[in-house]
Amino acid sequence: MTGLFVYTLWAGYLGWQWRRVRTIQDEINELKKQVKPVAVTPEGTPVAPPAPSPVEAKIKQFTEERKELIKGSYRDRHFNAGSILLGFGVTEAVFGGLNTWFRAGKLFPGPHLFAGAGITVLWAAAAALVPAMQKGNETARNLHIALNVLNVLLFVWQIPTGIEIVFKVFEFTTWP
C-alpha cells in the first residue's frame, strides 16, 4: 500500500507536468500580446536596435521551459502511470477485502474499508474522464484533478487506519 501511495503521488506529479506543458503556451501567447512593435524605416530595418524587454525575456524563458517539458513525454508517462495505478489499485482493493474475509470470515466495516472503497471509486471515476479530456474538455480536466486530490486526501487519511489494522493482525497472530 505504501508503494501505491507513493506511485499515486508520482502519477500526480506527472499529470501536473503534463498540465504545465499545455498551459505554458497560453501564458506565452498572452505575453506575446504585450510585446510592443518596433519602429522600422521604410526599407523595413529597425530605426534603433531594440532593447530586450522584460516581456520578451519572459517569453524566451517560457519557450525554453516548454521545450524541456515536451522532452519529458509527460502526457504518455502520466497516462501509463494512471493505467498502472488503476489496475494495481483496484486489484489491491479487492484483494484486501478478500484477504480479510478469508482470514476472519467477515469484513470489518470502518474507516479503512470505506476509505478504500471510496479511493477505488475515485480512481475509476477519474479514469472515466480521460476520453473527454482527450477531446479538450476543460471541465473534465478540472474534475479529474479534483477527484484525484480527494483521492490523495482519502489515501492519507487511510494510512493510520491501515497501520492500526496491521498492529491488530500482529497482535492476534500466533507465530511459530
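Values in this document were obtained by computation on a predicted structure and should not be read as measured data.

Peer 1: Before we move on, can you summarise the pattern of salt bridges with the specific residues and values?
Peer 2: All chains considered together, the criterion is met by nine salt bridges. Here Glu27 ties to Arg20 by a salt bridge, and the two come within 2.5 Å at their closest N and O atoms. Ionic pairing is found between Lys71 and Glu68, a salt bridge with its closest N-O pair at 3.3 Å. In this pair, Lys71 and Glu68 are both assigned in helix H2 (residues 54–71), three residues apart and thus about one turn of the helix distant. The burial state of Lys71 is the same as that of Glu68; both residues are exposed. Sharing partners across several salt bridges, the network here consists of Arg19, Glu138 and Arg141.

Peer 1: Can you lay out the packing of aromatic side chains for me, pointing to particular residues and giving the numbers?
Peer 2: Under the criterion given, the structure shown has four aromatic pairs. Considering the side-chain rings of Trp123 and Phe155, the 6.3 Å spacing of their centres and the 70° angle between planes classify their relative orientation as edge-to-face. Taken together, the positions of Trp123 in helix H4 (residues 111–128) and Phe155 in helix H6 (residues 138–171) put the pair 32 residues apart, joining distant regions of the chain. In this structure, Trp123 and Phe155 share a single accessibility class: buried. Taken together, the ring pairs connect Phe5, Trp123 and Phe155 into an aromatic cluster. Seen from the ring of Phe62, Arg20 lies directly overhead, with NZ or CZ sitting 5.6 Å from the centre.

Definitions and cut-offs
Residues numbered from 1 in each chain as written. Predicted model: local features only at pLDDT ≥ 70, side-chain atom pairs only at ≥ 80, totals over all residues. Heavy atoms only, no water. Salt bridge = Lys/Arg side-chain N within 4 Å of Asp/Glu carboxyl O. Helix = DSSP H or I, 4+ residues; strand = E, 2+ residues; numbered from the N terminus. Buried < 20%, exposed > 50% of the residue type's maximum accessible area, 1.4 Å probe, protein only. Phe/Tyr/Trp six-rings, centres within 6.5 Å; stacked < 30°, edge-to-face > 60°. Lys NZ or Arg CZ within 6 Å of the ring centre and 35° of its normal.

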